[in-house]
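Descriptive structure summary
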Amino acid sequence: MLRSAFVYAFRQLRSNRVFTGLNILGLLASLTAFILMVLFIEDELQFDRFHANAENIYRVEDEKETNNALVATASSAAPVAPALLREFPEVKQAVRMIKTEALVKNGDQLFEERKIFYADSHFFDLFSFPLLSGSSATALANTDNIVLTASMAMKYFAGLDVVGKTLLVDGKSMIISGVLQDIPRRSHLSFDFLISMATAEENGSGYEWMFSNWYSNNFYTYISLKDKQSLAGLSRQLPAFDLRHREAQGHTVHHYTLVPLTAVYLRSGRGNQPGKTGSYTNIYIFTLVALFILLIACVNFINLSTATAQTRAKEIAIKKVAGASRWAIVTQFMAESFLTVTVSMALALLAAALLLPWFNGFVDKQLQLNLGLVNHAVFITALVFVMTLLAGSYPAFILSQYKPAASLKGNVAGPVMGAALRKGLVVFQFTASVVLIICVSVMYAQLKYLQQHELGFSIAQKLVINFEGDASVRQQLEHVKHELLKIPGVEGATASSNVPGDGRVGSWSMNFAKNAGDTSEAQFAIYLTDFDFIQRYGIRIVEGRAFSRAYGKDSAVGIIINEAAVKKLGLRSAAEAIGMKVGMYPTDAKVIGVMGDFHYESLQKAVEPICLRILPSNLRVLTLDITTSNMRQTMAAIMEQWKILCPQRPLEYAFLNESYNRQYAADTKFGQLFGLFTVLAIIIASLGLFGLASFSISKRRKEIGIRKVLGAGVLDIALLTSRQFLLLVLLSVLIAIPIGGWCMQQWLLAFSSRISLSFWLFLQAGAIALLIAVSTVSSLAVKAALANPARSISTE
């Protein structure tokens, strides 16, 4: 019986090639997109799961509370890890890491390396990063031990047999104690070198003061618990743990959180992340879009099946009269659905395989579809059966209800025909499509706004040279600036600890003395600069003055705060801030000016308080203003001069506008991917509309012919045949506008600087949907209107 059902199903599908083709095309597109999106989502969810004990590893994150101000970071202070290990028996292991950068040298090989961590000696007991050579127990046990990845071993030594050899790291000789396999791509921790934490604890390292400091959150703390059941109990004890160490913390409240290792990659909301991050929000959105695309294709299948019901009513009636049971008819329709889905899936797998190289380049991943993997094979098999049920159940069970007597008389009108259902499904399809169009339009407008928004500082034609605070460069910085300014095309130069958008700005504790005699403790972001920074970056001074060489004390005590800091301190005006004394490292200061707010971080964030202070020992980058004329010659001259001035350090540079806008790269990529699948959803919905319109017009040929004979024009007939579909699309637009508006209003809340949702954005989305519907239906309507009425009437 089952075999005959499939044979008949194949013949039936072959005899209705147009509708079979539309169904397969729609399912092919949707399944291909769904497979690619599921592979993407699967990859995002697999981060850090390769560690042997991943389920019991947690990162300790901290939210510091100072004067009711909260600063949430992915890091914590250095003493946290040993204290947790010492005080809680359920903590099996605790490891600290701190990120650094260094100039690494071997012979003539000299590179500024940015993916370096200091790590505790038990690092390899906690994490499953396999060593190719060296002992995991001792690789990070001693001072000046360094472990490098296989890629770095090949880079510096052209081989892997390097244990026992030495590398110069910022001029200090370090012994290679191990070689790691290259870090897996699905790791939120990505590094090229590990240096023993004992090296950072040495006097003179620059880090030694942090190991007894409970306030400075510069370390990443990872712990492993003896079992999962320990988590709830330990989490409840963390407030008391903080209270016990409160005195050593300067009375700052720390809200500690234990985050599962398998979740840290997607928890990207906190600052000071150690590496790349994903987003749970994006995962939810992509999952929803993938399901929408799949549902839209199923809707096409249901619509076309119910639309052709009248042509199959007599076929079903004859089968029933001949003795076929309802189950036999259901089996036949499900067989048709299964064959359609199976063929579509086979083609989708081929299409996904062909598109994967392009898709991997687009999303910067290395996704693979491997049917040899049990989970992939089970997923594909399950998807075929789910799609068969989704697409075939309604037509099978509804059409099999036809009563033979009524069907043979041609009386199959009414609810059985599912006209209301088809209209409802068309509305659903285009509502989903219009919502997606609205989302894409708003995302594009927001990203464009971010790139064009006034930043509060000059960003154009700034070349940023990162010398990483190299002491030999700092000592001759004024000379370096003077020589570079001689180059034609270099119009200005300034040095600073940070530049806008680099994401590395630190925050310092400060104590502001108010006129009334009381003080206000605060932790503000700070840039350490030279005298020229404000002028070269075009930052506006709203009160007081900028740094000036004419005032000798500026370099010793001068500090400039922004308008956000004035508000945070509760001052009534910027003028009230001038002259305030500030207790801070390394010496007390005095406010000499208030600058206008500028977006030193992404426009996704509100402008926070920030201070500028002159401190030559902390200068790290050099910014040059250059002209656009003869850019190539100017750059060549800068490179040549740098080799003469700073031969010990390679020239590393970037244009500020490019590096600043890189903050929005993830949002831009997300918008592009979202737009791509939106276009696909619209195409699939249009295929269904095309099929329904084609069927509807074919059933009205006689009516159209009679109307033409009676004098109806082409435009009249085209409007008559397409009006019902255009009204459904218009209804979809009206439903989609509030839904899309609400969704985008929520999405925009993530941006402190954002566009307003205007009427024109919604009008544009509705116009696009209507245009697509008109284009889809009108060609069929006009073709029917131009047909010879005599032939239409005679063929009926």
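Residues numbered from 1 in each chain as written. Predicted model: local features only at pLDDT ≥ 70, side-chain atom pairs only at ≥ 80, totals over all residues. Heavy atoms only, no water.

Turning next to the overall build of the protein chain. Looking only at helices and strands, the protein chain has 26 helices and 22 strands in total. Residues classed as buried in the protein chain amount to 50% of the 796 residues present. Put simply, of all contacts in the protein chain between residues at least 6 apart along the chain, 79% involve residues at least 24 apart. (Helix = DSSP H or I, 4+ residues; strand = E, 2+ residues; numbered from the N terminus. Buried < 20%, exposed > 50% of the residue type's maximum accessible area, 1.4 Å probe, protein only. Contact = heavy atoms within 4.5 Å.)

It is worth spelling out unusual backbone geometry at this point. Here Tyr585 and Pro586 are connected by a cis peptide whose omega angle stands at -5°. Within the element layout of this structure, Pro586 appears in the loop between strand E18 (581-583) and strand E19 (589-595). Here Glu468, not a glycine, exhibits a phi torsion of approximately 55°, which is positive. Mapped onto the fold, Glu468 is located in the loop between strand E12 (462-466) and helix H15 (471-474).

Turning next to the packing of aromatic side chains. Applying the stated criterion across every chain, the model contains 40 aromatic pairs. Ring geometry for Phe598 versus Tyr600: centroids 6.0 Å apart, planes at 65°, classification edge-to-face. Within the aromatic cluster, the residues linked to one another by ring pairs are Phe50, Phe117, Phe123, Phe124, Phe127, Phe129, Phe191, Tyr220 and Tyr222. Just above the ring of Tyr215 sits the side chain of Lys64; from NZ or CZ to the centre is 3.7 Å. In this structure, Arg545 is placed above the aromatic ring of Tyr551, and the distance from its NZ or CZ to the ring centre is 3.6 Å. (Phe/Tyr/Trp six-rings, centres within 6.5 Å; stacked < 30°, edge-to-face > 60°. Lys NZ or Arg CZ within 6 Å of the ring centre and 35° of its normal.)

Moving on, we get to the pairing of strand E4 (residues 109-119). For strand E3 (residues 91-106) and E4, the ladder comprises nine bridges, and the chain directions are antiparallel. The residue of E4 that forms the bridge with Ile98 is Tyr118. From the end of E3 to the start of E4, which pair antiparallel, there are two residues, and Gly107 there has a positive phi angle of about 65°. Bridging between E4 and strand E9 (residues 193-196) involves four bridges; their strand directions are parallel. (Pairing = 2+ DSSP bridges.)

The next subject is a nonpolar patch on the surface. On the surface, a nonpolar cluster with roughly 270 Å² of combined accessible area is contributed by Leu132, Met154 and Leu160. By the element assignment, Leu132 lies in strand E5 (residues 131-133). (Patch = residues over 30% accessible without salt bridge, like charges linked within 9 Å, V, L, I, M, F, W, Y side chains within 5 Å. Areas by Shrake-Rupley, 256 points an atom, 1.4 Å probe, with all protein chains shown as cover. Salt bridge = Lys/Arg side-chain N within 4 Å of Asp/Glu carboxyl O.)

Before going further, it helps to examine the packing of helix H16 (residues 477-485) against helix H20 (residues 631-645). Contact geometry for H16 and H20: axes closest at 10 Å, N-to-C directions at 150°. The angle between H16 and H20 places the two elements in the roughly antiparallel class. Like other packed secondary-structure pairs, H16 and H20 cross with a definite hand, here right-handed. Contact residues: H16 offers His479, Val480, Glu483 and Leu484, while H20 offers Ile638, Gln641, Trp642 and Leu645. Taken together, the residues that form the contact of H16 with H20 break down as five nonpolar, two polar and one charged. (Axes fitted to C-alpha atoms, helices over the stretch in contact; angles between N-to-C directions. Parallel < 35°, antiparallel > 145°, perpendicular 65-115°, else oblique. Left-handed = near helix turned anticlockwise from the far one by under 90°. Nonpolar A, V, L, I, M, F, W, Y, C, P; charged D, E, K, R; others polar.)

Our next topic: H20. At 3.6 residues per turn, the α-helix brings residues three or four places apart onto the same side. Its 15 residues give H20 an end-to-end C-alpha distance of 21 Å, which sits within 8% of 21 Å, the value for a rise of 1.5 Å per residue. Within H20, the full set of buried residues consists of Thr634, Met635, Ile638, Gln641, Trp642 and Leu645. Down the axis, H20 shows its buried residues gathered within 130° of arc, on one side only. Residues of H20 that are exposed and angled more than 90 degrees away from the buried face: Arg632, Gln633, Lys643 and Ile644. If you follow the buried residues of H20, they end up packed against E12, H15, H16, strand E13 (490-496), strand E21 (621-626) and strand E22 (653-655). (Expected span 1.5 Å × (residues − 1). Arc of directions from axis to C-beta.)

This part takes up the pattern of salt bridges. Here the structure, examined in full by the defined rule, presents 32 salt bridges. Residues participating in the shared-partner salt-bridge network are Glu101, Arg114, Glu468, Asp502, Arg620 and Glu652.

Turning to the packing of helix H3 (residues 80-87) against helix H7 (residues 230-244), a few remarks are in order. Between H3 and H7, the shortest axis-to-axis distance is 12 Å and the interhelical angle comes to 115°. Once H3 is placed against H7, the crossing between them reads as right-handed. For the pair formed by H3 and H7, the contact residues are Val80, Ala83, Leu84 and Glu87 on the first element and Leu238, Phe241 and Arg244 on the second. Classifying every residue of the contact of H3 with H7 gives five nonpolar, no polar and two charged.

What follows concerns the side chain of Asn217. Along the polypeptide, Asn217 turns up in the loop between helix H6 (197-201) and strand E10 (220-225). There is a polar contact of 2.8 Å between the side chain of Asn217 and the side chain of Asp62. In contact with Asn217, not counting residues within four places along its chain, are Asp62, Lys64, Thr73, Ser75, Ser76, Ala77, His254 and Asn272. (Polar contact = N/O pair within 3.5 Å; in protein donor to acceptor, adjacent residues only side chain to side chain.)

Burial in helix H5 (residues 150-157) covers these residues: Ala150, Met152, Ala153, Tyr156 and Phe157. Taken end-on, H5 shows its buried residues confined to a sector of 160°, consistent with a single buried face.

Following the sequence through the fold, Ala665 ends up in helix H22 (residues 665-698). When its relative accessible area of 40% is taken as the criterion, Ala665 is described as partly exposed. Along the chain, Ala665 and Leu447 lie 218 residues apart, while their C-alpha atoms are 9.8 Å from each other.

A few words now on the confidence of the model for the protein chain. When the pLDDT values of the protein chain are averaged, the result is 84; 84% of them are 70 or greater. Segment residues 413-417: pLDDT under 50, and eight contacts once partners within four positions in sequence are set aside and those in other chains are kept. (pLDDT = per-residue confidence, 0-100.)

Tracing the backbone through its elements, the reader meets Val104 in strand E3. Residue classification places Val104 among the buried residues on the basis of a relative accessible area of 0%. Separated by 66 residues in sequence, Val104 and Asp170 have C-alpha atoms that sit 6.3 Å apart. Beyond its immediate chain neighbours, meaning those up to four positions away, Val104 contacts Gln109, Leu110, Phe111, Glu113, Ile116, Tyr156, Leu167, Leu168 and Phe193.

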